[in-house]
Amino acid sequence: MSLHDDAVLVLKRYEDQPDLREVYLEHLAAHPDGVYKPCTAGHLTGSALVVDPERGRVLLTLHKKLGMWLQMGGHCEPGDATLADAALREAVEESGIASGLTLLPGGPVRLDRHPIPAPCHWHLDVQYAALAPAGAVAEISEESLDLRWFPYAEVAAVADTSVVLLLEATLARLGGPGR
């Protein structure tokens, strides 16, 4: 199965955000290359919010190009068999947590479509959550200006609405605000 085929299946199974989900599915139907960066009409990306539920914190990266605190994420690559693989790969690369990260079961947590500069026009982000193992030590990557753990309650003060919504959806899936 191709990454494109996996993306279609993942999105068909995703039950939230039906209008936005349909935008993603229409994009993929119109663009066989719609999961990769060269697709100038826009492309899917995979991201993962790294959470440590035991300590009530989230790991954010200060994005080098955007200067914003964000979840880990980026472009799909030819070696990614699935969207989940792409999101987990990005989480490992950008967090520096070499082993033990696992995606929260249940597939994507949210979708977020945001404009980006030309030549491309849109990132169609498929957002997962990754659980950090006990004692995880993060290590900054070359793609980041900084990397920091934030208590859940501080995320809204440092990150934009898309990250706050991703955290809220992740916490809901984990079973509530304290988890």
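Now for a description of the structure that goes with this document.

A few points about helix H2 (residues 18–30)
With 13 residues, H2 extends 18 Å between its outermost C-alpha atoms, agreeing within 8% with the 18 Å of an ideal straight helix rising 1.5 Å per residue. All of the buried residues in H2 are Arg21, Tyr24, Leu25, His27 and Leu28. Down the axis, H2 shows its buried residues gathered within 155 degrees of arc, on one side only. Pointing more than 90 degrees away from the buried face of H2 are the exposed residues Asp19, Ala29 and Ala30. On its buried face, H2 is in contact with helix H1 (3–13), strand S1 (43–52), strand S6 (110–115) and strand S7 (122–131).

With respect to the environment of Leu11
Locating Leu11 in the fold gives a position in helix H1. Accessibility expressed as a relative area gives 0% for Leu11, which makes it buried. Spatially, the C-alpha atoms of Leu11 and Ala29 are 12 Å apart, while their sequence positions differ by 18 residues. Beyond its immediate stretch of four places on either side in the chain, Leu11 contacts Arg21, Tyr24, Leu25, Leu28, Leu44 and Leu111.

Conventions and cut-offs
- Residues numbered from 1 in each chain as written.
- Predicted model: local features only at pLDDT ≥ 70, side-chain atom pairs only at ≥ 80, totals over all residues.
- Heavy atoms only, no water.
- Helix = DSSP H or I, 4+ residues; strand = E, 2+ residues; numbered from the N terminus.
- Expected span 1.5 Å × (residues − 1).
- Buried < 20%, exposed > 50% of the residue type's maximum accessible area, 1.4 Å probe, protein only.
- Arc of directions from axis to C-beta.
- Contact = heavy atoms within 4.5 Å.

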